Amino acid sequence: MSAEVKVDARSASGARQDSQPDSGPDSRQASRQASRPDSRPDSPPLTERQEARRRRILHASAQLASRGGFDAVQMREVAESSQVALGTLYRYFPSKIHLLVATMQDQLEHMHGTLRKKPPSGETAAERVAETLMRAFRALQREPHLADAMVRALTFADRSVSPEVDQVSHQTTAIILDAIGLETPTPEQLSAVRVIEHTWHSALITWLSGRASIAQVKIDIETVCRLIDLTAPDQRQSGAPAR
């Protein structure tokens, strides 16, 4: 695999195609054991067969979105492409929004793995985070239809999609913390990370809508990433007023 960060619309983290659709007793068992399996931390672990099924679903979602954007992702077509029964698909992902937000989490996880193979080279934490987020941004830029579908789903998500949205946030946080080199961030650093996440997502939206250039996105990302250095414990202590 190239060290360049890529969204994985073709392989969906190694999804494979089975020759026959899933239906019958096994699909019913999957529905009982794996209702929204990607988003419930207290759900029982997926079996190997269930995980393979879930990967095929995410693979189909990413492929359809990369070809035609948000409107191209129709649940019946996803079911046909992933070779699962439509009812089984709905038990894994109750709606198109759930599915596309989970697809975004999956793409971010794939990016994270690629980033770990070639970490950012900046001298400061702010530089490393900015480099990381711009590499992720450019990966999404290469698949604009897929990026638009995932971001629209994240924007449309209501409370019922909160677990999936939380997973996207947690994955983005993990990417940023890895770039910083932090395992136990302070509350102030976590606050800075949240602001950076919000700015990154906002930058995606403004770029996708044609209201910001890549150059402007880069400036915004680099600017907000300076919060990391400002909230470092040694920086805060050195800047504290004398008493």
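Predicted, not measured: the structure shown is a model, and the values here were computed from it. (Residues numbered from 1 in each chain as written. Predicted model: local features only at pLDDT ≥ 70, side-chain atom pairs only at ≥ 80, totals over all residues. Heavy atoms only, no water.)

Some remarks on the packing of aromatic side chains
This model, assessed by the stated rule, comprises two aromatic pairs. Arranged with centres 5.6 Å apart and planes meeting at 85°, the rings of Phe70 and Phe156 form a pair that is edge-to-face. In this pair, Phe70 is assigned in the loop between α2 (48-68) and α3 (75-82) and Phe156 in helix α7 (residues 144-156), connecting sequence segments 86 residues apart. The interplanar angle of 65° and the centroid separation of 5.5 Å between the aromatic rings of Phe137 and Trp207 together place this pair among those described as edge-to-face. Of this pair, Phe137 sits in helix α6 (residues 125-141) while Trp207 sits in helix α9 (residues 187-208), and the two are 70 residues apart along the sequence. The cationic tip of Lys96 hangs over the ring face of Phe70; the distance from NZ or CZ to the ring centre is 3.9 Å. (Phe/Tyr/Trp six-rings, centres within 6.5 Å; stacked < 30°, edge-to-face > 60°. Helix = DSSP H or I, 4+ residues; strand = E, 2+ residues; numbered from the N terminus. Lys NZ or Arg CZ within 6 Å of the ring centre and 35° of its normal.)

Notes on helix α8 (residues 162-180)
Relative to the 27 Å expected for 19 residues at 1.5 Å per residue, α8 spans 27 Å between its end C-alpha atoms, a close match to the ideal helical length. Every buried residue of α8 is accounted for by Glu164, Val168, Gln171, Thr172, Thr173, Ile175, Ile176, Leu177, Ala179 and Ile180. Where α8 is buried, its residues meet α5 (96-117), α6, α7, α9 and α10 (214-230). Directly beyond the C-terminal end of α8, a positive phi value near 90° is found at Gly181. (Expected span 1.5 Å × (residues − 1). Buried < 20%, exposed > 50% of the residue type's maximum accessible area, 1.4 Å probe, protein only. Contact = heavy atoms within 4.5 Å.)

Considering α10
The end-to-end C-alpha separation of α10 is 25 Å, in line with the 24 Å expected for 17 residues at 1.5 Å each. Restricting attention to buried positions, one finds in α10 the residues Val217, Ile221, Val224, Cys225 and Ile228. Relative to the axis of α10, the buried residues are bounded by an arc of 110° and lie together on one face. Every exposed residue of α10 that faces more than 90 degrees away from the buried side is listed here: Ala215, Arg226 and Leu230. Where α10 is buried, its residues meet α6, α8 and α9. (Arc of directions from axis to C-beta.)

Focus: unusual backbone geometry
One non-glycine residue, Gln83, adopts positive backbone phi at about 60°. Mapped onto the elements of the fold, Gln83 is located in the loop between α3 and α4 (86-92).

Here's the deal with the packing of α2 against α5
Remark: α2 packs on α5, axes separated minimally by 10 Å, with the N-to-C direction vectors making an angle of 95°. When the axis of α2 is compared with that of α5, the two are roughly perpendicular. Contacts between α2 and α5 involve Arg55, Ile57, Leu58, Ser61, Ala62 and Ala65 on the former and, on the latter, Leu99, Leu100, Ala102, Thr103, Asp106 and Gln107. Within the contact of α2 with α5, the residues separate by chemical class into seven nonpolar, three polar and two charged. (Axes fitted to C-alpha atoms, helices over the stretch in contact; angles between N-to-C directions. Parallel < 35°, antiparallel > 145°, perpendicular 65-115°, else oblique. Nonpolar A, V, L, I, M, F, W, Y, C, P; charged D, E, K, R; others polar.)

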